[in-house]
Amino acid sequence: MEKAKYREKEALIIAAIPPIVLILGAPFVNRVEPWVLGMPFFFFWHVAWLIIGPLFLTAAYIVRTRGG
Amino acid sequence: MELPPGTISLAIIFGWLIISTIVGIMAGVLKKFSLAEWMVAERGISFVILYFAVAAEIYSAFTFLGLAGWAVTHGASILYAPAYFVTAYSTGFLLTPYYHRLGKKFGYLTEPDFFIDRYESRALGILVALVGIFFLLPYIQLQILGTGIIVEAASYGAISRTPAILIAFLCTAVFVFIGGYRGIAWTNFLQGIIMFIAAFVAIGVVFAAFGGIEPLFRKVLEVSPKHLLLPGARGIHGYPWYMSSLLLTTLGFWMFPHLVQRGYSARQEKDIMRTCAWMSWYSILSIPIVFVGFAAIILFPGVTGYKLPAADYAVIESVKYFFNPWIVGLVGAGGLAAAISSGAGLIQCESGLAARNLIQRGIWPKASETATAWAARALSLIFTVICLFLALYYPQLLVYLLLVAYSGVVQFFPGWVLGITWRRVTKAGVFAGIVVGVIVVLLTTFVWPDPLQVHSGIWGLFANFLVTIPVSLATKPPSEETIRRILSA
């Protein structure tokens, strides 16, 4: 039981990273340069998170269901 | 082929509507009718169906019309939407396993059912149901209006808005009535697939008009650089707006009563967890739509010399300008799919809330499960008719409410999160918190809009916590047995 709780906490921390970075990161990424993949940086930043966000949650899922 | 273009695209759109309706009806008639079946498909929806069904429900007419419309009007501040299509799934990943586990263990069918059980108060259940019904209504109306825009425009005017809306929503009412949530899940599975395809077909506009993504953005930089950054073309979306809106949607998203029910309807806890974990990949469909919106900044009236009827027409008019009626029909079917998949789930949820929490657990406690299930079915038709009436005759009436939908449902957040983590939270605390929160939201939306550029929902949530915690500490908690039962689940 104690161990399961511990893993839940770790999963929570991993899952909380994307919201924290996206919410607090706005002032640092609100820029046109550099262009990446044909997009101004502010656009690339959001597209990139749609792809890497699930990787964080997959990690949290593994930690939560299999321990880690 | 010498058919008029409207006939071709309309045949595709309505052909798709008929297929969806048949699938929705078939999914329902193959199962025995009961309250738990109609409401949450007997908690039997497995991962692949759940994933596309939830996706189709989340991405609505707003995704197909509103995202591009916003991009035309304001520019880059629309990226807060793809941002919450990432952040909201973190919250979902953390909360939905509780929804599923508690729902299965204690037989919840609606969101208020949790509040009734955890806080031992039917009155609190009625309050949550009423607030939920109130804030979901404008979303249904939006789907109906969106359907009208999509079908009218995609049929090249071959069918006007009113008959288009009536046909689409009568079909929807039939499969919601018969199929319940299982019917919706199966049709939404199909809708989720065609929406995704249609979004990526639409991005063809960018390539047809500019030859690629980079030339498009270079052109926008030259013509209207303000569209590319916060605070947007009209200068009203600065950092406080972006951050508070993102925080609000992150916390509020999984408070919507229909999404709570999707947590209940999953077959296993891991099905809903994986649905949340990987939903951002589906959300990539928002990007082509946003890009087409940026293309429309340049195309209308610049290149085509043709003015958009309204910003929300950006996607469908751009596709019409560059492609043949077959493609227009496909994108129209995708847009229609987005609208009815969300509309169906919302109507089913509204009628479930009313039947379960206002009738069975409200004014008529003796109602049997079967009677309640029939009441829910009947109410689904009544809600459809009410929403059609409002959409046709009072299209502006509920538009204001839409502004506050997230702000309204986020007021359930303290009740859920404190309810599963804190022993001392009480029914009086949560009740007072929701009431004060909703009042603050209405004040900071309509009387003093968004003080300090911070979203009204965040002000409401702040006030809500400020009330819930002290009132809880001053009043008697529920029975020790209930607290232990919920917190150990």
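Note that the structure is predicted; figures quoted are calculated from it, not measured.

### A look at the overall build of chain B
Item 1. In terms of helices and strands, chain B carries 23 helices and 0 strands.
Item 2. Computed over the C-alpha atoms, the radius of gyration of chain B is 22 Å, within 12% of the 23 Å expected from 2.2 N^0.38 for a compact globule of 489 residues.
Item 3. Along the three orthogonal principal directions, the C-alpha set of chain B runs to about 70 × 55 × 40 Å.
Item 4. Counting across all 489 residues of chain B, residues that qualify as buried make up 63%.
Item 5. Long-range contacts, defined here as pairs at least 24 residues apart, represent 85% of the contacts in chain B between residues at least 6 apart.
Item 6. Summed over its atoms, the accessible surface of chain B is roughly 16700 Å², and 71% of this surface lies on carbon and sulfur atoms.
Item 7. Each charge class in chain B can be summarised by its mean position, and for the 30 positive and 20 negative side chains these summaries are 6 Å apart.

### Here's the deal with the interface of chain A and chain B
Interfaces are frequently sized by the accessible area removed from exposure as the parts join.
Item 1. With 33 residues of chain A at the contact, the number on the chain B side is 42 residues.
Item 2. Together, the buried faces of chain A and chain B total about 3400 Å²; carbon and sulfur atoms form 76% of this surface.
Item 3. When residues of chain A are sorted by the area they lose upon contact with chain B, Phe43(A), Leu50(A) and Tyr61(A) head the list and together hold 21% of the total.
Item 4. Here chain A and chain B share 7 residue pairs in polar contact (both at pLDDT 80 or more) between them.
Item 5. Only helix 1 (2–29) and helix 2 (41–66) of chain A provide two or more residues apiece to the side of chain A that touches chain B.
Item 6. Looking at which element gives the most residues to the side of chain A that touches chain B, the answer is helix 2 of chain A, with 16 residues.
Item 7. Residue classes in the side of chain A that touches chain B are distributed as 24 nonpolar, 6 polar and 3 charged.

### Concerning empty space enclosed by the protein
All names here are of chain B.
Item 1. All chains considered together, the criterion is met by 1 cavity of 30 Å³ or more.
Item 2. A volume near 40 Å³ is recorded for the largest cavity.
Item 3. Lining the largest cavity are Phe 64, Leu 65, Ile 150, Val 315, Ile 316, Val 331 and Gly 335.
Item 4. Where the lining of the largest cavity is concerned, the elements lending two or more residues are helix 4 (61–73), helix 15 (314–322) and helix 16 (325–363).

### Remarks on the side chain of His46(A)
Item 1. You can see His46(A) is positioned in helix 2.
Item 2. Beyond its immediate sequence surroundings of up to four residues, His46(A) is in contact with Leu22(A), Leu79(B), Ala83(B) and Tyr242(B).

### Let's talk about the domain arrangement of chain B
Residues and elements named next belong to chain B.
Item 1. When the domains of chain B are assigned, the result is domain 1 (5–395) and domain 2 (404–489).
Item 2. Placing the centre of domain 1 and that of domain 2 at their C-alpha centroids yields a distance of 26 Å.
Item 3. Between domain 1 and domain 2, the residue contacts involve 43 residues of the former and 40 residues of the latter.
Item 4. Of the roughly 3700 Å² buried between domain 1 and domain 2, counting both surfaces, carbon and sulfur atoms make up 76%.
Item 5. On inspection of domain 1 and its partner domain 2, the count reaches 1 salt bridge.
Item 6. Its salt-bridge partner being Asp 117, residue Arg 485 comes within 2.7 Å of it at the nearest N-O pair.

### Thoughts on the nonpolar core
Item 1. By size, the foremost hydrophobic cluster in this structure holds 192 residues, and its most contacted members are Phe43(A), Trp254(B), Phe291(B), Phe294(B) and Trp416(B).
Item 2. When residues are assigned to domains, this core turns out to be shared by domain 1 (5–395) and domain 2 (404–489) of chain B, each giving three or more.
Item 3. Among residues more than four places away in sequence, those in contact with Phe291(B) are Met39(A), Phe43(A), Ile203(B), Val206(B), Ile213(B), Leu216(B) and Phe217(B).

### Some words on the pattern of salt bridges
Residue and element names in this part refer to chain B.
Item 1. Counted according to the given criterion, the structure contains 16 salt bridges over all chains.
Item 2. Here Arg 356 ties to Asp 113 by a salt bridge, and the two come within 2.8 Å at their closest N and O atoms. In this pair, Arg 356 is assigned in helix 16 and Asp 113 in helix 6 (residues 111–119), connecting sequence segments 243 residues apart.
Item 3. Take Arg 356: its relative accessible area is 5%, and that puts it in the buried class.
Item 4. Given the relative accessible area of 0%, Asp 113 is considered buried.
Item 5. The residue Glu 317 makes a salt bridge to Lys 320 at a minimum N-O spacing of 3.5 Å. Taken together, the residues Glu 317 and Lys 320, both in helix 15 and 3 residues apart, mark about one turn of the helix. For the pair formed by Glu 317 and Lys 320, the shared burial category is buried.
Item 6. The structure contains a network of salt bridges with shared partners spanning Asp 113, Arg 356, Arg 361 and Glu 369.

### A short note on helix 6 of chain B
Item 1. With 9 of 9 residues buried, helix 6 of chain B lies mostly within the body of the structure.
Item 2. One or two steps after helix 6 of chain B, the chain reaches Glu120(B), where phi turns positive at roughly 50°.

### With respect to the packing of helix 2 of chain A against helix 5 (residues 80–106) of chain B
Item 1. For the pair helix 2 of chain A and helix 5 of chain B, interaxial distance at closest approach is 8 Å and the crossing angle is 20°. Taken together, helix 2 of chain A and helix 5 of chain B sit at an angle that is classed as roughly parallel. Here helix 2 of chain A and helix 5 of chain B pass one another in a crossing that is right-handed. Counting all contacts with helix 2 of chain A, which are made through His46(A), Trp49(A), Leu50(A), Gly53(A), Leu57(A), Ala60(A), Tyr61(A) and Arg64(A), the residues of helix 5 of chain B involved are Pro82(B), Ala83(B), Phe85(B), Val86(B), Tyr89(B), Ser90(B), Phe93(B), Leu94(B), Pro97(B), Tyr98(B) and Arg101(B).
Item 2. For the contact of helix 2 of chain A with helix 5 of chain B, the residue count by class is 14 nonpolar, 3 polar and 2 charged.

### Some points on the environment of Phe322(B)
All names here are of chain B.
Item 1. Structurally, the position occupied by Phe 322 is in helix 15.
Item 2. On the accessibility criterion, Phe 322 (27% relative accessible area) is partly exposed.
Item 3. Taking the C-alpha atoms as reference, Phe 322 lies 39 Å from Leu 381; in sequence the two are 59 residues apart.

### Some points on the packing of aromatic side chains
Item 1. For the structure on display, the rule yields 45 aromatic pairs over all chains.
Item 2. Directly above the ring of Trp35(A) sits Arg218(B), whose terminal nitrogen or CZ lies 3.7 Å from the centroid.
Item 3. The lysine or arginine in question, Arg485(B), covers the ring of Phe106(B), its NZ or CZ lying 4.5 Å from the ring centre.

Reading the values: the criteria
- Residues numbered from 1 in each chain as written.
- Chains lettered and ligands numbered in written order.
- Predicted model: local features only at pLDDT ≥ 70, side-chain atom pairs only at ≥ 80, totals over all residues.
- Heavy atoms only, no water.
- Helix = DSSP H or I, 4+ residues; strand = E, 2+ residues; numbered from the N terminus.
- Rg over C-alpha atoms; globule rule 2.2 N^0.38 Å.
- Buried < 20%, exposed > 50% of the residue type's maximum accessible area, 1.4 Å probe, protein only.
- Contact = heavy atoms within 4.5 Å.
- Areas by Shrake-Rupley, 256 points an atom, 1.4 Å probe, with all protein chains shown as cover.
- Lys, Arg positive; Asp, Glu negative; His and termini not counted.
- Charge placed at Lys NZ, Arg CZ, Asp CG, Glu CD.
- Buried area = accessible area lost by both parts, 1.4 Å probe.
- Polar contact = N/O pair within 3.5 Å; in protein donor to acceptor, adjacent residues only side chain to side chain.
- Nonpolar A, V, L, I, M, F, W, Y, C, P; charged D, E, K, R; others polar.
- 1 Å grid on protein atoms, 1.4 Å probe; cavity = no way out; pocket = protein on both sides within 12 Å on 5 of 7 lines; lining within 4 Å.
- Points joined across faces, edges and corners; volume = space filled by probe spheres on them.
- Domains from an automatic or database assignment.
- Salt bridge = Lys/Arg side-chain N within 4 Å of Asp/Glu carboxyl O.
- Core = buried A, V, L, I, M, F, W, Y, C linked by side-chain atoms within 4.5 Å.
- Axes fitted to C-alpha atoms, helices over the stretch in contact; angles between N-to-C directions.
- Parallel < 35°, antiparallel > 145°, perpendicular 65-115°, else oblique.
- Left-handed = near helix turned anticlockwise from the far one by under 90°.
- Phe/Tyr/Trp six-rings, centres within 6.5 Å; stacked < 30°, edge-to-face > 60°.
- Lys NZ or Arg CZ within 6 Å of the ring centre and 35° of its normal.

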